[in-house]
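Chain by chain, the residues:
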Amino acid sequence: MSLDKYNEKRNFKKTREPKGKKENPHKRLKFCVQHHLASHDHYDFRLELDGVLKSFAVPKGPSYNPKDKRLAVMVEDHPLSYRNFEGIIPEGEYGGGTVMLWDRGYYKIDYYDENVLKITLYGKRLKGSWSLVNFKDNNFLLIKENDKYANYAKINTFKTSIKSNLTMQEIKKKYLNK
Ligand code: MN
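Here's a quick rundown of the structure.

Conventions used here
- Residues numbered from 1 in each chain as written.
- Predicted model: local features only at pLDDT ≥ 70, side-chain atom pairs only at ≥ 80, totals over all residues.
- Heavy atoms only, no water.
- Donors = N, O, S within 2.8 Å, 3.2 Å for Na, K, Ca; no water.
- Buried < 20%, exposed > 50% of the residue type's maximum accessible area, 1.4 Å probe, protein only.
- Helix = DSSP H or I, 4+ residues; strand = E, 2+ residues; numbered from the N terminus.
- Arc of directions from axis to C-beta.
- Phe/Tyr/Trp six-rings, centres within 6.5 Å; stacked < 30°, edge-to-face > 60°.
- Pairing = 2+ DSSP bridges.
- Core = buried A, V, L, I, M, F, W, Y, C linked by side-chain atoms within 4.5 Å.
- Contact = heavy atoms within 4.5 Å.

## Observations concerning the coordination of the manganese ion
No. 1: Bound to the manganese ion on the protein side are His36 (ND1), His42 (NE2) and Asp44 (OD), at distances that span 2.2 to 2.3 Å.
No. 2: One chain supplies every donor to the manganese ion, and in sequence these donors are spaced H-x5-H-x1-D.
No. 3: We classify Asp44 as buried; its relative accessible area is 6%.

Quick look at the structure:
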């Protein structure tokens, strides 16, 4: 099943991330974004589809400027419960580092074909229409559409968790000895 890869990459005796199991789809499709300070600082953009979270690593994070095309690399599917995950992944484990729940909400699919997925996001921080354009293998571009939310905000002004209100440093401190 599509979460095998997710489970194979992780040692659940060591990481506090949720085990991968498929869930029943929600009526309204969920999405979340995690800010992940690992070997590379990046954002993980995750969209519910068929009972799992389709996941993309976005090195620079999303941008509200429609002129920006942000690389989004599709990675292994994650379980739906991952949308609530915040904490640390131990050093030496897959994705070792600090994970902040940066945004969550629901979304709807407006259009899709072989190469393009157009969605509307209803998050706390990410809103309005966005496109994911597949240009090569697992590589996509995440682009803000020109709508009333274009240039709505600068992504790096949001420095705290939408779940705990903690900063990266504070999350690291809180979970380090647990
Ligand atoms: Mn990540």
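## Quick notes on helix α2 (residues 168-176)
No. 1: The set of residues buried in α2 consists of Met168, Ile171 and Tyr175. Take α2 and look down its axis: the buried residues cluster within an arc of 60°, on one side only. The exposed residues of α2 that point more than 90 degrees off its buried face are Gln169 and Lys173.

## A few points about the packing of aromatic side chains
No. 1: Considering all chains together, one arrives at 11 aromatic pairs under this definition.
No. 2: Relative to Tyr82, the ring of Tyr6 has its centre 5.9 Å away and its plane inclined at 90°; by these criteria the two rings are edge-to-face. Of the two residues, Tyr6 sits in helix α1 (residues 4-8) while Tyr82 sits in the loop between β4 (70-79) and β5 (87-89), which places them 76 residues apart along the sequence.
No. 3: Judged by its relative accessible area of 2%, Tyr82 is buried.
No. 4: Where Phe31 meets Phe45, the ring centres are 6.3 Å apart and the plane angle is 55°; that geometry is what we call tilted. One end of the pair, Phe31, is in strand β1 (residues 29-37); the other, Phe45, is in strand β2 (residues 41-49), with 14 residues separating them in the sequence.
No. 5: Residue Phe45 is classed as buried on the basis of its relative accessible area of 2%.

## Notes on the pairing of strand β9 (residues 139-144)
No. 1: Taken across its 6 residues, β9 has 5 buried, putting it largely inside the fold.
No. 2: Where β4 meets β9, 4 bridges bridge the pair, whose relative direction is antiparallel. When the sheet's bridge partners are listed, Val73 is paired in β9 with Asn139.
No. 3: Of the pairings in the sheet, the one linking strand β8 (residues 127-136) to β9 comprises 6 bridges and is antiparallel in character. If you follow Lys136 over to β9, its bridge partner there is Asn139.
No. 4: Between β8 and β9, which follow one another and run antiparallel, lie 2 residues, and Asp137 among them has a positive phi close to 45°.

## Thoughts on the nonpolar core
No. 1: Core analysis: the biggest nonpolar cluster contains 25 residues, and Phe31, Phe45, Leu47, Leu121, Leu126 and Leu132 have the highest contact counts within it.
No. 2: Of all the secondary structure elements, the ones that give two or more residues to this core are β1, β2, β3 (52-58), β6 (97-112), β7 (116-123), β8, β9 and α2.
No. 3: Those residues in contact with Leu132 that sit more than four places away from it in its chain are Phe45, Leu47, Phe56, Ala72, Asn115, Val116, Leu117, Phe140, Leu141 and Leu142.
No. 4: Tyr6, Leu53, Tyr82 and Phe85 belong to the second-largest nonpolar core, a separate cluster that totals 9 residues.

Just geometry here; none of it tells us what the structure is for.
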